[in-house]
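# Observations on the three-dimensional arrangement
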Amino acid sequence: MSLNIVELQKLDQSNYIHPFTDHLPMHQMGTHLIQSGEGCFLIDQNNHRLLDGLAGLWCVNVGYGCKEIIEAVNQQMQKLAYYPSFFNTATESAIQLANRIAQLAPTPRLKHTIFSESGSEANETALKIILNYQRLRGHPKKTKILTRTFAYHGVTLATTSMTGLASCLDPFGLPLAGFIHAPGPYHYLANTPLDPEAYGQWCLEETEKIILKENPETIAACFAEPIQGAGGVIVPPPGYLKGLRELCRKYDILFIADEVITAFGRMGCWFLSKIWNLDPDMITMAKGITSGYLPLGATLVSDEIINLIYRNGYFAHGYTYSGHTTSCAAALANLDVLDKEKIIPRVEQETGPYFQKRLSEFTEHKAIGEARGYGLIAALEIIPKEGKAALSPTANLGVKVAALAREEGVIVRGIRNLVAIAPPLIISKEEIDYLFDGVKRALNRLY
Ligand code: PLP
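In what follows, the accompanying structure is described. Along each chain, numbering runs from 1 in the same order as the chain's sequence is written. For a predicted model such as this one, the threshold for reporting local features is a pLDDT of at least 70, and the threshold for listing and counting side-chain atom pairs is 80 or more; totals across whole chains, interfaces and linings nevertheless cover every residue. Side-chain figures throughout are based on the complete set of non-hydrogen atoms in the structure, without hydrogens or water.

We now examine the site of the ligand. Lining the immediate surroundings of the ligand are Ser 118, Gly 119, Ser 120, Asn 123, Tyr 152, His 153, Gly 154, Glu 225, Asp 258, Val 260, Ile 261 and Lys 287. The definition of a polar contact used here is a pair of N or O atoms within 3.5 Å, where within protein one atom must be able to donate a hydrogen and the other to accept one, and adjacent residues in sequence count solely through side-chain atom pairs. Here an oxygen atom of the ligand and a backbone polar atom of Gly 119 are 2.9 Å apart. Take Asp 258: an N or O atom from its side chain is 2.8 Å from a nitrogen atom of the ligand. For every accessible area listed, the method is Shrake-Rupley and the probe measures 1.4 Å; residues are considered covered only by the protein chains on display. Burial of the ligand by the protein chains amounts to 84% of its free accessible area of 390 Å². The way it works is that DSSP assigns letters per residue, a run of H or I at least four long becomes a helix, a run of E at least two long becomes a strand, and they are numbered from the N terminus. Sort the elements by how many residues they give to the shell around the ligand and helix α6 (residues 119-136) lands first, with three residues. Distances are taken per atom, and a residue is near a molecule or strand as soon as one of its heavy atoms is within 4 Å of it.

Written out as structure tokens, the structure is:
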């Protein structure tokens, strides 16, 4: 580093507003600076080696220091760093990437992609396409958007409104009018006598009641993460998502899969929509599309929707950096690496099952109320010494465990009373052991 740690921390405190951060305690403790990364490991300011059990923010799927992506970016930048796709132009990498996504898509009717720079923008773009489409097909009153509690869909005004987390909504007096939340299938926190499957059915019954109360003629679309990520890694019980999809069909509501976390391999497949047969009308994605090497979001749209919009003429939406030439080159190289190194089948058949097996061992631990996950994503629900009944929603035990885990050499994310784990997809079995051993040492120090 050109400045020493203390100088950097001082500048940080003076000038840098961090996303999703409690600044004053951070300023007191000093920001944790990350200097470099290789594979699944990061090196911090003190030259400590940390296993990144969250892959940045659930995104560095191919790990750090991937030569192929670095080289592709370098070459693209030298040739043409950027040119827009507005009006009638385009650059090759954007066209190639849209075509590649169409080939990977769960169903042939999903084959048209518009790019943006983030998951929030991918969802925001989906929202505008939905409003445009509903008007064009003669349903201008269909404007409301249905999502679930514990959903996370982004940070713009509209995508925050879609997010079902009080911590994101309350500070801003959101949601905006017209954004409706149905119960998400978070069985563990529901404290219900129902088993998970029956609880999923209860959530569907409540969702149907909400649809009828709001009037289906006013509801344009439902957005759902197949596995809810930032809300707490909520894996839906069997039958629930199929039921949600059917409800949308029954009431003529578009169904959008937000696969910002679940696409591109974390679940051992390109898209969860495919293996769970969700048949969405659109899929939104970001994160793993470039493994975080450059910002990129994408909104994949069905034939039916886009053809009506095309027939109407001018499409008045897009960002300066939609289809950014170098971001798309990074994505293409990233998809090549996933393909050539057979990373996704390995997650499906080897590392995913091993990760879930190691995870399940935590159910024996005195500080764990539930261990759940799928592929290479997991949540551990932490309970206090006195047991789950004594759990306080504000205890933030997950945040405490994540801080202890960092001291033990592994990064996981604390969310309320749980820790979320989502390592790079290149993680080996030995590194999975290293990760869970670190988490276990942290848990052993909790009380
Ligand atoms: N959708 C989901 C499911 C996410 O997990 C996230 C981010 O974590 C977003 C949307 C927003 O993406 P971004 O932070 O790139 O705007």
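Next up on the list: the packing of aromatic side chains. Only Phe, Tyr and Trp rings take part, Trp by its six-membered ring, and two of them pair if their centres are within 6.5 Å. Stacked means planes under 30 degrees apart, edge-to-face means over 60, and tilted covers everything else. Taken as a whole and assessed by the stated rule, the structure comprises 11 aromatic pairs. With a centroid separation of 5.4 Å and an interplanar angle of 80°, the aromatic rings of Phe 41 and Tyr 434 are classed as edge-to-face. Of this pair, Phe 41 sits in strand β2 (residues 41-44) while Tyr 434 sits in helix α17 (residues 429-444), and the two are 393 residues apart along the sequence. Assessed through its relative accessible area of 9%, Phe 41 is described here as buried. Seen from their ring centres, Phe 355 and Phe 436 are 5.1 Å apart, and the 45° between their planes marks the pair as tilted. Burial classes follow relative accessibility: with a 1.4 Å probe on protein chains only, a residue under 20% of its type's maximum area counts as buried, one over 50% as exposed, and anything between as partly exposed.

Another aspect to go through is the pairing of strand β15 (residues 418-421). Of the two faces of β15, the one lined by Leu 418 and Ala 420 and the one lined by Val 419 and Ile 421 are each fully buried. The criterion for strand pairing is that DSSP finds at least two bridges linking the strands in question. Of the strand pairs in this sheet, strand β12 (residues 377-382) and β15 are connected by four bridges, and their pairing is antiparallel. Counted as the bridge partner of Leu 380 is Val 419 from β15. Bridge count for strand β14 (residues 413-415) against β15 is three bridges, and the pairing is antiparallel.

All right, on to the state of the cysteines then. Any pair of cysteine sulfurs within 2.5 Å is marked as a disulfide. Enumeration over the complete set of coordinates arrives at zero disulfides. Summary of cysteine pairing: Cys 203 is not part of a disulfide, and the nearest cysteine sulfur, belonging to Cys 222, is at 13 Å.

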